[in-house]
Amino acid sequence: MLPTHGRATSQDPETQLAHLGRAPAKHAGMVNVPVYRGSTILADTLEEWESRKTPDNPMASYGRFGTPLSRALEEAVCALEGGHDTILFPSGLSACTHTLLGCLQAGDHALITDNVYGPTRTFAEQVLKRLQIDIEYFDPADLTGLASRIRRNTRVVYLESPGSLTFEIQDVPAIAALAHSVGAFVIIDNTWASPLYFKPFAHGADISIHAATKYIVGHSDALLGIVTANERAWPCLRSSAHHFGEIAGPDDIYLALRGLRTLAVRMRRHWDTGVQLAQAMACHPAVERILHPALPGHPGHAIWKRDFHGASGLFGAMLKPMTRAQLSCLFRNLNLFGIGLSWGGYESLALPIDPLPARCASDLDCPGVLLRIHAGLEGAQDLIADMTQALDAALNADSESVRRRHGAPA
Ligand SMILES: *Cc1c(COP(=O)(O)O)cnc(C)c1O
């Protein structure tokens, strides 16, 4: 039997990744669903046209409502996440913003975790507030603080666990219980864990967002957002997407579905390499502290162990205070780590980030520079060697400049 679209939730994730969202019998036997380009979808008869326009079959009437290819990716991710239905957006940020707009209206109150993805926070500040939506941020580690902020008109509690800059893990089941006591929707940006390592609906979330740009696409060659909702939240999400006319491009959808097939092997390797690299960096004299939920010293480690099935390759490294010259020396000496935004591709990245100005939580005491590291698919020992020599060079750059300043021989 050739596999067809379907929800095989009892299977291993690896098996699901290989078989979900495929329908060779409908596509001339092709293993992969081909790229569908199209706006107009023709009907043979007036009766067929009318029958297609039923509310439960909107995609059959116009390209903007989806194609067999977009449906294949939506069904695959929906099954992996364990939700009711899924919809695609042209970028991860578009997925975040339209989900918020779909759930909120003037007069509503939204609680957003303080460690949220920066552009999502900017959207809340500059657009949601203008629409008379009351926005408040909460410390992701402080459940009591969150409980005291929940109001009767709280409509959304927005999470990102762990945050992609500062890596705080949130207690999603406990937060969901608080949010649901007033009927609020729990929205989680699940990008860090991918659909494999955190199952949001099993932990009480109502909506789960992926910047598929990151691990699902996996090759830094497309932008895409994917949002899955449970039955209660689905009408808000679907109408928001349709009213705004958001539609992802067919080539990007194809690349995401193709990326999904290898997600498990890539994630397993990002996880292993990330932990090895983080452990090696933790021992380096230039490093103050590592922010990685899979390491036992991390404040969210116990919840990570309880709720997650694995870790991605993205983590933080707080450096001891160093000069600007030392920092640029560090980056000059990195050969295998690219300097750039995004993450989740096969290639390693390193970037200095400034998580502090936007945050109200004060637990993140960072005297030096915070680096965000993405461990790619290169050899772990090569990455460790490259990072170690660059950190060494940064330390030596300081002693050289100190020697020069004090007139000592080099
Ligand atoms: C990158 C990212 C986004 C936005 O995704 P884009 O596809 O770049 O728009 C949203 N949330 C998180 C956590 C991200 O890392």
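The structure this text deals with has already been given above.
What counts and what doesn't
Residues numbered from 1 in each chain as written. Predicted model: local features only at pLDDT ≥ 70, side-chain atom pairs only at ≥ 80, totals over all residues. Heavy atoms only, no water. Helix = DSSP H or I, 4+ residues; strand = E, 2+ residues; numbered from the N terminus. Rg over C-alpha atoms; globule rule 2.2 N^0.38 Å. Buried < 20%, exposed > 50% of the residue type's maximum accessible area, 1.4 Å probe, protein only. Contact = heavy atoms within 4.5 Å. Areas by Shrake-Rupley, 256 points an atom, 1.4 Å probe, with all protein chains shown as cover. Lys, Arg positive; Asp, Glu negative; His and termini not counted. Charge placed at Lys NZ, Arg CZ, Asp CG, Glu CD. Pairing = 2+ DSSP bridges. Axes fitted to C-alpha atoms, helices over the stretch in contact; angles between N-to-C directions. Expected span 1.5 Å × (residues − 1). Arc of directions from axis to C-beta. Near = heavy atom within 4 Å. Polar contact = N/O pair within 3.5 Å; in protein donor to acceptor, adjacent residues only side chain to side chain. 1 Å grid on protein atoms, 1.4 Å probe; cavity = no way out; pocket = protein on both sides within 12 Å on 5 of 7 lines; lining within 4 Å. Sits in = over half its atoms within 2 Å of the grid points. Nonpolar A, V, L, I, M, F, W, Y, C, P; charged D, E, K, R; others polar. Disulfide = S-S within 2.5 Å. Core = buried A, V, L, I, M, F, W, Y, C linked by side-chain atoms within 4.5 Å. Domains from an automatic or database assignment.

> When you look at the overall build of the protein in this model, what are you seeing that I'm missing?
Counting its secondary structure elements, the protein contains 14 helices and 11 strands. Against the 2.2 N^0.38 benchmark of 22 Å for 410 residues, the protein shows a C-alpha radius of gyration of 23 Å, consistent with a compact globule. Seen along its three principal axes, the alpha-carbon backbone of the protein occupies a region of about 90 × 50 × 35 Å. For the protein, the proportion of its 410 residues judged to be buried stands at 53%. Looking at the protein alone, contacts between residues at least 24 apart form 71% of all its contacts between residues at least 6 apart. Surface summary for the protein: the accessible area is close to 17600 Å², and the carbon and sulfur share equals 55%. Treating the 35 positive side-chain charges of the protein as one cloud and the 41 negative ones as another, the clouds have centres 2 Å apart.

> Even after reading the chapter, I still don't get the sheet that holds strand E9 (residues 314-319), so can you show me in this structure?
Note: strands within a sheet are paired through backbone hydrogen bonds, in either parallel or antiparallel orientation. Here we have 4 strands laid out as an open sheet, ordered E8-E9-E11-E10, and antiparallel in their pairing. At either margin of the open sheet sits one strand with a lone partner, and together these are strand E8 (287-291) and strand E10 (349-353). The mean inter-strand angle of the sheet, taken between neighbouring strand axes irrespective of direction, is 25°. Where E9 lies against strand E11 (residues 370-374), 5 bridges are found, and the strand directions are antiparallel. Bridge pairing in E11 places Ala317 opposite Leu371. Helix H13 (residues 324-333) rests against E9, E10 and E11 of the sheet, and its axis sits at about 165° to E10.

> Any chance you could explain helix H10 (residues 250-261) here in plain terms?
Because each turn of an α-helix spans 3.6 residues, side chains separated by three or four positions in sequence point in the same direction. An ideal rise of 1.5 Å per residue puts 16 Å on 12 residues; H10 measures up with 17 Å between its terminal C-alpha atoms. Considered for burial, the residues of H10 that qualify are Ile253, Ala256, Leu257, Gly259 and Leu260. The buried residues of H10 occupy an angular sector of 160° when the element is viewed end-on, so they sit on one face. On its buried face, H10 sits against helix H1 (13-19), helix H3 (68-81), strand E1 (85-89) and helix H11 (263-282).

> So what exactly am I meant to see when it comes to the site of the ligand here?
The environment of the ligand is formed by Ser91, Gly92, Leu93, Tyr117, Glu160, Ser164, Asp189, Ala211, Thr213, Lys214, Leu223 and Trp343. Asp189 places a side-chain nitrogen or oxygen 2.6 Å from a nitrogen atom of the ligand. Contact distances for the ligand include 2.5 Å between an oxygen atom and a side-chain N or O atom of Thr213. Here the ligand, which alone exposes 380 Å², has 91% of that area covered by the protein. A majority-of-atoms criterion places the ligand in the largest pocket. Partitioned by chemical class, the residues of the shell around the ligand number 5 nonpolar, 4 polar and 3 charged.

> Explain the state of the cysteines to me, please; I cannot follow it from the model alone.
Two cysteines joined by a covalent bond between their sulfur atoms form a disulfide. Tallying each qualifying case throughout the model produces 0 disulfides. Cysteine Cys78 is unpaired, with the sulfur of Cys103 as its nearest cysteine sulfur at 16 Å.

> Any chance you could explain the nonpolar core here in plain terms?
Across soluble globular proteins, nonpolar side chains have a tendency to be buried as a group. By size, the foremost hydrophobic cluster in this structure holds 88 residues, and its most contacted members are Leu73, Leu260 and Met281. For this core, the leading source of residues is H11, giving 8 residues. In terms of domain composition, this core takes at least three residues from each of domain 1 (13-261) and domain 2 (264-405). Among residues more than four places away in sequence, those in contact with Leu260 are Leu17, Leu73, Ala76, Val77, Leu80, Ile216 and Arg266. One finds Ala95, Cys96, Ile135 and Cys236 within the second-largest nonpolar core, a separate group that totals 29 residues.

> Would you take a moment to explain helix H7 (residues 172-180) for this structure?
The set of residues buried in H7 consists of Val172, Ile175, Ala176 and Ala179. For H7, the arc enclosing every buried residue in end-on projection is 100°, short of the 170-degree limit, so these residues lie on one face. Looking at the packing, one finds that the buried side of H7 touches helix H6 (143-149), strand E4 (154-160) and strand E5 (185-189).

> Just checking my understanding: could you explain the pairing of E1 for this structure?
Look at any regular strand and the pattern is simple: side chains alternate between the two faces of the sheet. Counting buried residues in E1 gives 5 out of 5 residues, a clear majority hidden from the surface. Burial along E1 is two-sided: the residues Asp85, Ile87 and Phe89 and Thr86 and Leu88 are all buried. Inspection of the sheet shows E1 paired to strand E7 (residues 225-229) by 5 bridges, in the antiparallel sense. Its bridge partner being in E7, Leu88 is matched across the sheet by Ile226.

> How do you make sense of the environment of Trp192 when you look at a structure like this?
As for its position among the elements, Trp192 is in the loop between E5 and helix H8 (194-197). Looking at Trp192, the relative accessible area reads 3%, which means it is buried. Taking the C-alpha atoms as reference points, Trp192 and Ser164, separated by 28 residues in sequence, lie 6.7 Å from one another. If sequence neighbours within four positions are ignored, Trp192 has contacts with Pro162, Phe167, Tyr215, Met267, Pro293, Trp304, Phe308, Gly310, Ala311, Ser312, Leu314 and Trp343. Polar side-chain contacts of Trp192 include one of 2.9 Å to the backbone oxygen of Leu314.

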